[in-house]
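In case you want the letters, here they are:
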Amino acid sequence: MEGLRLFVAGGQQYYGPTAERDKNVVALTAQRLFEAVGDTIEVVTGGMSGIPEDFAIAWKQAGGTHILCVVSSEHETTFLERNTRNFKHVVMGESQEKRRIAVTQLPGIKCAFVVQGGKYTTHEMQLLTQRGDVPIVSHWGSGGAAGGTQPYDGWVFQQKPDNLTITSDDPLESPEAIADALTEKIKFHFHP
């Protein structure tokens, strides 16, 4: 399936005071997005454990069948050992850097969704920004790369006036309310 794709990026772990809230936000956003758009899009991840994989698991549990994990050859064995849900995967690049470049250039990516993340998530955001045609829905309040605080070679994600960020950094903020807001912003790029 190469029609409509959502690229999901983020950290391999949840960090900081919003960690538990953000874990709930990721699962709820996947579920609510599936309820809104059905099995009409393909969720794409970089094949690593953590936030993108959690989104893919929740997407599949909601009924989604289109999930693609793009892995590097250096991490394929580790991915296959963890892939108990039998997510479809493809190898693109020998290194993680080459995989990041390849995955962000996939055709059909209509939107990216980012929660937390470190400098390599920032690199993916930089590559998508340079591409110029992929809006990034950022859970800014989750911090990390999504919140513009993790530089990659001096570049950080900047909050834009296009209102595609959710800014709450309150750990007690309702995960449901945040997921609803994020879902609306992502859904727009698939069904305006």
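Residues numbered from 1 in each chain as written. Predicted model: local features only at pLDDT ≥ 70, side-chain atom pairs only at ≥ 80, totals over all residues. Heavy atoms only, no water.

(A) Geometry of helix α5 (residues 119-131). Taking 1.5 Å of rise per residue, 13 residues should cover 18 Å, and α5 covers 18 Å from first to last C-alpha, within 8% of that figure. Listed in full, the buried residues belonging to α5 are Thr121, Thr122, His123, Glu124, Met125, Gln126, Leu127 and Leu128. For α5, the elements touching its buried residues are β1 (5-10), α4 (96-103), β5 (109-115) and β6 (136-139). (Helix = DSSP H or I, 4+ residues; strand = E, 2+ residues; numbered from the N terminus. Expected span 1.5 Å × (residues − 1). Buried < 20%, exposed > 50% of the residue type's maximum accessible area, 1.4 Å probe, protein only. Contact = heavy atoms within 4.5 Å.)

(B) Broad picture of the packing of aromatic side chains. Applying the stated rule across the entire model yields five aromatic pairs. Put simply, the rings of Phe34, Phe55, Trp59 and Phe113 pair up and form one aromatic cluster. (Phe/Tyr/Trp six-rings, centres within 6.5 Å; stacked < 30°, edge-to-face > 60°.)

(C) Spotlight on the pattern of salt bridges. Evaluation of the coordinates by the stated rule reveals nine salt bridges. Taking the shortest distance from any N to any O, the salt bridge between Lys23 and Asp54 comes out at 3.4 Å. Separated by 31 residues along the polypeptide, Lys23 in helix α1 (residues 19-37) and Asp54 in helix α2 (residues 51-62) bring together distant segments of the chain. Looking at Lys23, the relative accessible area reads 38%, which means it is partly exposed. Where Arg82 meets Glu53, a salt bridge forms, and the shortest distance between an N and an O atom there is 2.9 Å. You can see Arg82 sitting in helix α3 (residues 76-82) and its partner Glu53 sitting in helix α2, a full 29 residues away along the chain. A relative accessible area of 25% means that Arg82 is categorised as partly exposed. (Salt bridge = Lys/Arg side-chain N within 4 Å of Asp/Glu carboxyl O.)

(D) Inspection of the nonpolar core at higher detail. Counting 33 residues, the largest nonpolar core has Leu6, Leu33, Phe55, Trp59, Phe113 and Ile186 as its most contacted members. Among the elements of the structure, β1, α1, α2, β3 (67-71), β5 and α6 (175-187) are those that each provide at least two residues to this core. Apart from the residues lying within four places of it in its own chain, the contact partners of Phe55 are Leu6, Val8, Val26, Thr29, Ala30, Leu33, Val43 and Phe113. Within the second largest apolar cluster, 17 residues are counted, among which are Phe7, Val70, Val134 and Ile136. (Core = buried A, V, L, I, M, F, W, Y, C linked by side-chain atoms within 4.5 Å.)

(E) Summary view of the side chain of Thr121. Examined against the element boundaries, Thr121 turns out to sit in helix α5. Not counting chain neighbours up to four residues away, the residues in contact with Thr121 comprise Ala9, Gly10, Gly11, Val114, Gln116 and Ala145.

(F) Main features of the pairing of strand β2 (residues 42-45). Going residue by residue along β2, you find Glu42 and Val44 tucked away on one face and Val43 and Thr45 tucked away on the opposite face as well. Once the chain exits β1 it traverses α1 before rejoining the sheet at β2, and the crossover so formed is right-handed. The parallel pair β2 and β3, bridged by α2, forms a crossover whose chirality is right-handed. (Right-handed = clockwise from strand over helix to strand, strands pointing away.)

(G) Here's a closer look at the packing of α1 against α6. Between α1 and α6, whose axes approach to 8 Å, the crossing angle comes to 45°. It follows from the interaxial angle that α1 and α6 lie oblique. Here the hand of the crossing between α1 and α6 comes out right-handed. Contacts between α1 and α6 involve Arg21, Asn24, Val25, Leu28, Thr29, Arg32, Leu33, Ala36 and Val37 from the first element and Pro175, Glu176, Ile178, Ala179, Asp180, Leu182, Thr183, Ile186 and Lys187 from the second. Residue composition of the contact of α1 with α6, grouped by class: 10 nonpolar, three polar and five charged. (Axes fitted to C-alpha atoms, helices over the stretch in contact; angles between N-to-C directions. Parallel < 35°, antiparallel > 145°, perpendicular 65-115°, else oblique. Left-handed = near helix turned anticlockwise from the far one by under 90°. Nonpolar A, V, L, I, M, F, W, Y, C, P; charged D, E, K, R; others polar.)

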